[in-house]
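Listed below are the residues making up each chain.
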Amino acid sequence: MFDDNDDDIRPVTWHDGAIRIIDQTALPGRLTYLDLNKVDALIAAIQRLAVRGAPALGVAGAYGVALALQNGERDRIADLRAARPTAVNLMAGVDRASARIDEGFEAVLAEAHAMLDQEVTANRTLSAYGADWLLGRLNTRRPLRLLTHCNAGALATAGWGTALGVVRDLHDRGLVEVVYVDETRPLLQGTRLTAWELDRLGIPHLVQADGAAAGTIVSGLVDAAIVGADRVAANGDTANKIGTLGVALACAHAEAPFLVAAPTSTVDLATPSGAQIQVEQRAEAEILGHSAPAASRAHNPAFD
Ligand code: MRU
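Below or above, wherever it landed, is the structure these notes cover. Everything numeric here is computed off the predicted structure, so don't read it as measured data. (Residues numbered from 1 in each chain as written. Predicted model: local features only at pLDDT ≥ 70, side-chain atom pairs only at ≥ 80, totals over all residues. Heavy atoms only, no water.)

### Remarks on the pattern of salt bridges
Pairs can form between side chains of opposite charge once their charged atoms are near each other. Applying the stated criterion across every chain yields a total of 19 salt bridges. Residue Asp-8 pairs with Arg-10 through a salt bridge whose shortest N-O separation is 2.9 Å. A relative accessible area of 39% places Asp-8 in the partly exposed class. Classification of Arg-10 as partly exposed rests on a relative accessible area of 25%. Between Asp-223 and Arg-142 there is a salt bridge; the shortest N-O distance is 2.8 Å. One end of the pair, Asp-223, is in the loop between helix H8 (213–218) and strand S7 (224–227); the other, Arg-142, is in the loop between helix H5 (105–138) and strand S4 (144–148), and 81 residues separate them in sequence. (Salt bridge = Lys/Arg side-chain N within 4 Å of Asp/Glu carboxyl O. Buried < 20%, exposed > 50% of the residue type's maximum accessible area, 1.4 Å probe, protein only. Helix = DSSP H or I, 4+ residues; strand = E, 2+ residues; numbered from the N terminus.)

This is the structure:
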């Protein structure tokens, strides 16, 4: 357990025979934990985004296989693997843990623990690498004005963060002036989660509407954009939260660096290009809410 002053956010851990997650739907209002004792409870938590973000889903998937073995619920593993289709980490985590099923529960649990540790180490490494790359690309040592979309922080990973990991690394070197945080429609991962993480870390930030991002970038207010990824195909095509494409296009137009910060666990060499990445379509109600006319329909792809 961490208290409110502890940076060591662990969104997914194993605790007393259950998967303990931070309930990300309750943030930023309440920091609460849920102990998930059944595979179906984990599937439901994944689908309502109580646990979310590609690397966090990978670790949850691996622990889910341990839970399935412990409870005699092996028939639920296929549905767990398919709970969200875009982030390759979920499938990879389930497959990695499943490869040890014949060795028994303890071996599967050890594999999940190892995966968690490796993800945190990878985040630290890629963050330093990304920060160095960006400083070299921009050829500067002044504090940077950055933009991020969605949440690719500690909450979305096993701990520390990917895109926000790069931001944290730069901040630790005194090299962050401000982070523009896209609110990230429709579920506000930027407003609720990224802003919460940056606030805890004392990193200056401005939350903005997604529709503001292009103008912020093109008018020269941003040195670089940094985002995470749900899947990187073999040719480098990348899927990330809906709205990321617009950020990339604006950066291309402004000739500003657009950095995808992701661990190798998010790279999927079996998928040749972005055209083969399945984009999750989510419920229309997430878009329509209580505002749209009753007869309106919605288009709600979760990634681009
Ligand atoms: O729908 P979400 O909130 O799971 O989408 C998450 C993202 O798009 C993240 O940017 C991505 O998973 C990378 S997390 C390090």
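Back to the write-up after that little detour.
### Notes on the sheet that holds strand S6 (residues 205–208)
One open sheet accounts for 5 strands, arranged S6-S5-S4-S7-S10; its pairing is parallel. Strand pairing shows two members of the sheet lacking a second neighbour, S6 and strand S10 (258–260), which therefore form its edges. Ignoring strand direction, the axes of neighbouring strands in this sheet form an average angle of 25°. Taken together, the 3 bridges between S7 and S10 define a ladder with parallel strand orientation. By the bridge assignment, Ala-225 is partnered in S10 with Phe-258. In the packing of helix H6 (residues 163–172) onto the sheet, the strands contacted are S4, strand S5 (176–182), S7 and S10, and the crossing angle to S4 comes to about 165°. (Pairing = 2+ DSSP bridges. Axes fitted to C-alpha atoms, helices over the stretch in contact; angles between N-to-C directions. Contact = heavy atoms within 4.5 Å.)

### Some thoughts on the packing of H6 against helix H7 (residues 189–201)
Where H6 meets H7, the closest approach of the two axes is 12 Å, and the angle between their N-to-C directions is 20°. One way to sum up the angle between H6 and H7 is to call them roughly parallel. The two elements H6 and H7 cross, and the hand of that crossing is right-handed. For the pair H6 and H7, the contacting residues are Leu-164, Val-167, Arg-168 and His-171 in the first and Thr-194, Glu-197, Leu-198 and Leu-201 in the second. When grouped by side-chain class, the residues that make up the contact of H6 with H7 number 4 nonpolar, 2 polar and 2 charged. (Parallel < 35°, antiparallel > 145°, perpendicular 65-115°, else oblique. Left-handed = near helix turned anticlockwise from the far one by under 90°. Nonpolar A, V, L, I, M, F, W, Y, C, P; charged D, E, K, R; others polar.)

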